[in-house]
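One letter stands for each residue in the lines below.
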Amino acid sequence: MSEPHISVRNLTMAYGSRVIQSNLEFDINRGDIFVIMGGSGCGKSTLLKHMLGLLSPAAGDILYDGQSFFAASEEQQDAMRRRWGITYQSGGLFSAMTLAENVGLPLQLYTPYSAADRADIIAYKLALVGLAGYQNYYPSEISGGMRKRAALARAIALDPEILFFDEPSAGLDPISSSLLDELIVQLQSSTGATVVMVTHELPSIFAIATNSVYLDATSKTMIAYGDPKILRDHSDQPVVRQFLAREASSSATAEEPS
Amino acid sequence: MTQQSPGFDLITRDRDSAVLMISGDWIQGNSHQDFQSLKEDLCCIVAPELIVDGEQLGQWDSVLMAFLLQCYNQCRDDGIAFSMRNVPANVNQLLEVASTVPTHDPGAAPGSSWRDWFDPEHLLRQLRSATVDSLAFIGELCIALSRLVIGQASTRFSDFRHFCYQAGPNAFAIISLTSVLVGMILAYLGAVQLQQFGAEIYVADLVVIGMLREMGVLMTAVVMAGRTGAAYAAQLGTMQTNEEIDAITTMGISPMEFLVVPRILALVVMMPLLTLYANLLGVIGGGIVAGGMGITPLMYIAQGEGAVALNHLCVGLIKSVVFGLLIAVAGCRSGINSGRSSAAVGQAATEAVVTAVVYLIVADAAINIIFQQLDI
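Residues numbered from 1 in each chain as written. Chains lettered and ligands numbered in written order. Predicted model: local features only at pLDDT ≥ 70, side-chain atom pairs only at ≥ 80, totals over all residues.

Under the annotation held in an unreviewed UniProt entry, chain B carries the name ABC transporter permease and is attributed to Pseudohalioglobus lutimaris.

Labelled according to an unreviewed UniProt entry, chain A appears under the name Polyamine ABC transporter ATP-binding protein, originating from Pseudohalioglobus lutimaris.

Let us look at the domain arrangement of chain B. Split into domains, chain B comes out as domain 1 (7-100) and domain 2 (125-374). Put simply, the middle of domain 1 of chain B and the middle of domain 2 of chain B, counted by C-alpha atoms, are 68 Å apart. (Domains from an automatic or database assignment.)

Before going further, it helps to examine the UniProt feature "transmembrane region" (unreviewed entry) in chain B. Residue and element names in this part refer to chain B. As recorded in UniProt, the feature "transmembrane region" (unreviewed entry) lies at residues 130-150, 170-189, 201-225, 276-302, 308-331 and 352-371. Regarding residues 308-331, the helix share stands at 92% and the strand share at 0%, and the terminal C-alpha atoms are separated by 34 Å. A distance of 28 Å separates the end C-alpha atoms of residues 352-371, which is 100% helix and 0% strand. (UniProt positions renumbered as here; feature names shortened; annotations may be inferred. Helix = DSSP H or I, 4+ residues; strand = E, 2+ residues; numbered from the N terminus.)

Before going further, it helps to spend a moment on the sheet that holds strand β2 (residues 18-26) of chain B. All names here are of chain B. Here we have four strands laid out as an open sheet, ordered β1-β2-β3-β4, and mixed in their pairing. Edge positions in the sheet fall to β1 (7-11) and β4 (81-85), since each has one partner strand and no second. Neighbouring strand axes in the sheet, compared pairwise and without regard to direction, differ in orientation by 20° on average. Of the pairings in the sheet, the one linking β2 to strand β3 (residues 49-60) comprises seven bridges and is parallel in character. Counted as the bridge partner of S23 is Q56 from β3. (Pairing = 2+ DSSP bridges. Axes fitted to C-alpha atoms, helices over the stretch in contact; angles between N-to-C directions.)

Residue and element names in this part refer to chain A. A sheet is described by the order of its strands in space; here six strands give the open sequence β6-β7-β8-β3-β9-β10, paired in mixed fashion. The open sheet has two free edges, formed respectively by β6 (84-87) and β10 (221-226), since each of these has just one partner strand. Sheet twist, expressed as the average angle between the axes of neighbouring strands with direction ignored, equals 15°. Inspection of the sheet shows β6 paired to strand β7 (residues 162-166) by four bridges, in the parallel sense.

So, about the UniProt feature "domain: ABC transporter" (unreviewed entry) in chain A. According to UniProt, the feature "domain: ABC transporter" (unreviewed entry) maps to residues 6-242 of chain A in the numbering used here. Measuring from the first to the last C-alpha atom of residues 6-242 of chain A gives 28 Å, for a span that is 38% helix and 26% strand.

For the rest of this paragraph, the subject is helix α7 (residues 172-195) of chain B. The periodicity of an α-helix, 3.6 residues per turn, causes residues three or four places apart in sequence to face the same way. Residue and element names in this part refer to chain B. End to end, α7 covers 34 Å across 24 residues, agreeing with the expected 34 Å (1.5 Å per residue, within 8%). Taken as a whole, α7 has its buried residues at I175, T178, S179, V182, G183, M184, L186, A187, G190 and A191. In this structure, the buried side of α7 is in contact with α8 (203-241) and α10 (255-292). (Expected span 1.5 Å × (residues − 1). Buried ≥ 20, exposed ≤ 12 C-beta atoms within 10 Å, placed from the backbone. Contact = placed C-beta atoms within 7 Å.)

Our focus in this paragraph is the environment of L152(A). Residues and elements named next belong to chain A. Examined against the element boundaries, L152 turns out to sit in helix α5 (residues 144-155). Residue L152 is classed as buried on the basis of its 26 C-beta neighbours within 10 Å. A C-alpha to C-alpha distance of 34 Å links L152 and S219, two positions 67 residues apart in sequence. Filtering out sequence-adjacent residues up to four positions away, L152 remains in contact with T87 and V129.

Let us now look at the nonpolar core. With 136 residues, the main nonpolar core has F164(A), L267(B) and I327(B) as its most contacted residues. With 19 residues, α8(B) is the single largest residue contributor to this core. The next biggest cluster of nonpolar side chains, apart from the first, holds 15 residues, and it includes A18(B), I22(B), V52(B) and F67(B). (Core = buried A, V, L, I, M, F, W, Y, C linked by C-beta atoms within 7 Å.)

All names here are of chain B. Contact geometry of helix α1 (residues 35-44) with helix α2 (residues 62-78) gives a least axis separation of 11 Å together with a crossing angle of 25°. Judged by the angle between their axes, α1 and α2 are roughly parallel. The way α1 lies across α2 gives a crossing that is right-handed. Between α1 and α2, the residues in contact are F35, K39 and L42 and F67, Q70, Q74 and D78, respectively. The residue makeup of the contact of α1 with α2, split by class, is three nonpolar, two polar and two charged. (Parallel < 35°, antiparallel > 145°, perpendicular 65-115°, else oblique. Left-handed = near helix turned anticlockwise from the far one by under 90°. Nonpolar A, V, L, I, M, F, W, Y, C, P; charged D, E, K, R; others polar.)

As structure tokens, then:
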């Protein structure tokens, strides 16, 4: 394996003086479907926001292709971001724009396509996520599951190298959620992109993840790293085995309020 | 079955254990001795173990559980072992569930004395962070505007057009109503005073100069602060809540160029036009009142025409540009810095209107003083 696509180096995250997670250190290889797991409020979404550069770390660094994100100049950061596709927990679609405009915005800003070509690409991207013909709908006019898929269409508009998902299947019924998983796997295998997702949906984790990290709320650091299927049976941490086997026990740790 | 009043009895026969006998019906509606009276006794016991005996317990519900949980927590804090015997199995089970997760320590409780909420240091810190936020916002806005001038900004013309439409033509109805009424108010106010000198005809001068220099632009600005400034704050605040601003940032687009600049430019462009419209309608409103006082429309127009001067008009228009900028900046800044909840969006909208109105009044006073000194 060549050098890792994303490396998190000794990362400490804090809101003011409240430390969320510390000493995170892991690599994500090219083409991985990498899952960030952990109990509620352990800092999964916060880690993702750090990886996206929306929050600055209290200590440590995140490297993309060996290049530090936080030490890079603003232009370099923008250039790096253009190679990413992101969907947010609440979708993050622009509510004042139609689906076509949502998907078309990154194309309009960063590609030299003509308006006609752009419309074709938008139609193709929407068809990929099963939303062909919904170009002129506003995000408020479609269902929650469709919004998640529309957000995915926007995320893949620029054929990104890395796809970030924040709880992609949260709030979806089991069928829609497994369809979305399938879609992510298909897109990943056909484009070769690296996928990083935050989730605690066990079916998704076992169905698609190839690597993972488990963040623990009590010790405020990562306590497991590896393929979740292997971690479920062989992790030396009882909490991780419980999480992945969906067991509660009297020694289960308390949930901290987020 | 008759109900027995609930009670408890703490028995300490020897040094090794203390027994808490629970008796009667511990159900809602039956008053019992509260925990405080037991607490003092519990503090005094020296035994390493407290046994709760439920042999004489009748009916029970959450009242009993709440009491037992307090006993349990007190024993845990004092390092006394806690056990129960002869109690229904589900009492044991419920207590176990309730005590699995340790009680969260909320940290130091905020004090209630006046010193705690009137803390000058805290106020100064707030002032400092508000000032820093504002300066940062202005700085970023200047950068975005300069990038717009050299054609590098990712501002979309279609957004600008959309906001112009929202701020301009959509506001006609409310602006018409307010400016006609303000014109009429000015005319009444003046007419009553001028009548005493028999100089009613000068009502025309009063209305024209008053509207052009001051009232037309100020009323338009107040309406726009409530209408458009609050809308900007609410829109941007909602976008913050929906993670839309995060999405824009991670697309490598500056939210300032993409969201703030078109809104600010739209209001700065539309304000002078609305002000002109408001001036016209205000003068017409004054004319209606003047007509009622026996001044014919022709006389009113002829007299008013003499009062119209370019400098009065320019004063109003300069003010309108400044006010438009201030309203839009106040609205966008509150929206961009809004928190991520529905309450925070409401707060942002309120803050936008309040700061905008304060800015308007202060700026109006300042501009008037400057123009007074310059003799314009």
